[in-house]
Every structure is written in C-alpha cells, then in structure tokens.
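Observations on chain architecture
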Amino acid sequence: MNKGDRPLSRWHRYLTKEIGIEFKACLYFYVILFFYSVYRIIRGTWDASIIHMAEMILTTYSMGYLQVYLFSNFDEAEHLGKKEIGYSIVCSILYTAVSILCKWFERDALVTGYYFCYMVFAYICAFWVYKIKRDIDTRKLNEELKAFKERGKKHESCD
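Residues numbered from 1 in each chain as written. Predicted model: local features only at pLDDT ≥ 70, side-chain atom pairs only at ≥ 80, totals over all residues. Heavy atoms only, no water.

With that settled, consider the environment of L94. Here L94 shows up in helix α3 (residues 82-101). Classification of L94 as partly exposed rests on a relative accessible area of 35%. (Helix = DSSP H or I, 4+ residues; strand = E, 2+ residues; numbered from the N terminus. Buried < 20%, exposed > 50% of the residue type's maximum accessible area, 1.4 Å probe, protein only.)

As structure tokens, this is what we get:
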C-alpha cells in the first residue's frame with residue numbers, strides 16, 4: 001500500500017481541524033476589524049485600540065474552537081438550515097456580548113445592534129463562500145476523474 005492510500009491518522013485529522021480554526025480566526029478577525037475600523041472612522045478617528053484588536057483575535061480563536069468542536073463546523077455545512085442559522089445567531093450573540101463587555105463600540109446600543117446584524121450576515125456569507133468553494137472543488141475533481149478515466153481507456157486500447 002502506498003503512502004497516499006492510507007487513511008488519515010488522528011494527528012492529520014487534528015491538524016486539519018486546527019488549520020481550519022486558524023483560517024476561521026483570520027477570516028472573522030478581518031470581518032470584525034473591518035466593522036470596527038469603519039466605526040472608528042465614522043466617529044472621526046483614525047486610531048484603533050491594540051487592546052481591542054487583541055481581544056478580537058482571542059475571541060475569534062475561541063469562537064473557532066466552539067464552532068468546530070461544539071457546533072459541528074456549521075459554517076462549512078452542506079445546507080443552510082435551521083440548525084446552521086441558529087448557530088450563526090448564537091455565535092453572533094456571543095461576539096456581540098464580547099463587544100459589549102470589552103467596550104469595542106463604547107456600548108452604543110445602535111452600533112451594537114448593527115454589529116450583531118453584520119455578524120449574522122458575515123456567517124451567511126461565509127457559508128456561501130465555503131459552499132461555492134466546495135462546488136468548484138467537486139467540479140474540478142470530477143473533471144480530473146474523467147480525464148483519468150480517458151487516459152485509462154487510451155492505455156487499454158494500446159495494449
């Protein structure tokens with residue numbers, strides 16, 4: 001049996017999850033930082049708190065673990081159903097609670113409400129992006145499989 005034919009080890013499965021969490025943390029940190037930056041600019045300042053950014057990245061890593069290990073990696077699900085929308089709302093509530101606790105938006109109720117809606121929207125967009133990527137990967141694999149079968153037929157006819 002060749003090395004590529006073996007099933008994934010526990011270590012490889014763990015690494016795959018960790019890389020996914022790393023990617024999610026970066027993605028959601030960017031999403032949150034964008035909202036925060038626009039908020040700061042609208043308030044008339046070009047400065048951002050390094051403490052707030054540290055809180056944001058720690059929060060996104062924590063949420064990544066929560067999403068992958070407790071919420072079935074819902075933003076990468078095959079279908080956007082009630083469960084996935086529910087998890088999106090729960091995670092958005094948690095992000096909003098942290099924003100209030102850490103005063104990212106000075107506990108302004110209107111901005112915090114917008115932030116909550118923005119996070120729900122971000123989760124729905126992330127779901128669509130993951131789905132589009134999966135569909136493209138599936139199409140690409142099917143094309144490669146078709147090409148492989150074609151090559152196999154050519155080799156059979158030469159024999």
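Having seen the structure, we can now continue with the description.
Turning our attention to a nonpolar patch on the surface. On the surface, W11, Y14, L15, I19, Y65, Y69 and L70 cluster together to form a nonpolar patch covering roughly 740 Å² of accessible area. Elements with a minimum of two residues in the nonpolar patch: α1 (10-42) and α2 (50-70). If one sorts the elements of the nonpolar patch by residue count, α1 sits on top with four residues. Note on placement: Y14 falls in helix α1. Using a relative accessible area of 40% as the deciding quantity, one classes Y14 as partly exposed. (Patch = residues over 30% accessible without salt bridge, like charges linked within 9 Å, V, L, I, M, F, W, Y side chains within 5 Å. Areas by Shrake-Rupley, 256 points an atom, 1.4 Å probe, with all protein chains shown as cover. Salt bridge = Lys/Arg side-chain N within 4 Å of Asp/Glu carboxyl O.)

Here we take up the packing of α2 against α3. Orientation of α2 relative to α3, taken along the N-to-C sense of each, is 155°, at an axis distance of 11 Å. One way to sum up the angle between α2 and α3 is to call them roughly antiparallel. In the packing of α2 onto α3, the handedness of the crossing is right-handed. From α2, T59, T60, M63, L66, Q67 and L70 reach across to α3, where they touch Y87, C91, L94, Y95 and V98. For the contact of α2 with α3, a count of residues per class yields eight nonpolar, three polar and no charged. (Axes fitted to C-alpha atoms, helices over the stretch in contact; angles between N-to-C directions. Parallel < 35°, antiparallel > 145°, perpendicular 65-115°, else oblique. Left-handed = near helix turned anticlockwise from the far one by under 90°. Contact = heavy atoms within 4.5 Å. Nonpolar A, V, L, I, M, F, W, Y, C, P; charged D, E, K, R; others polar.)

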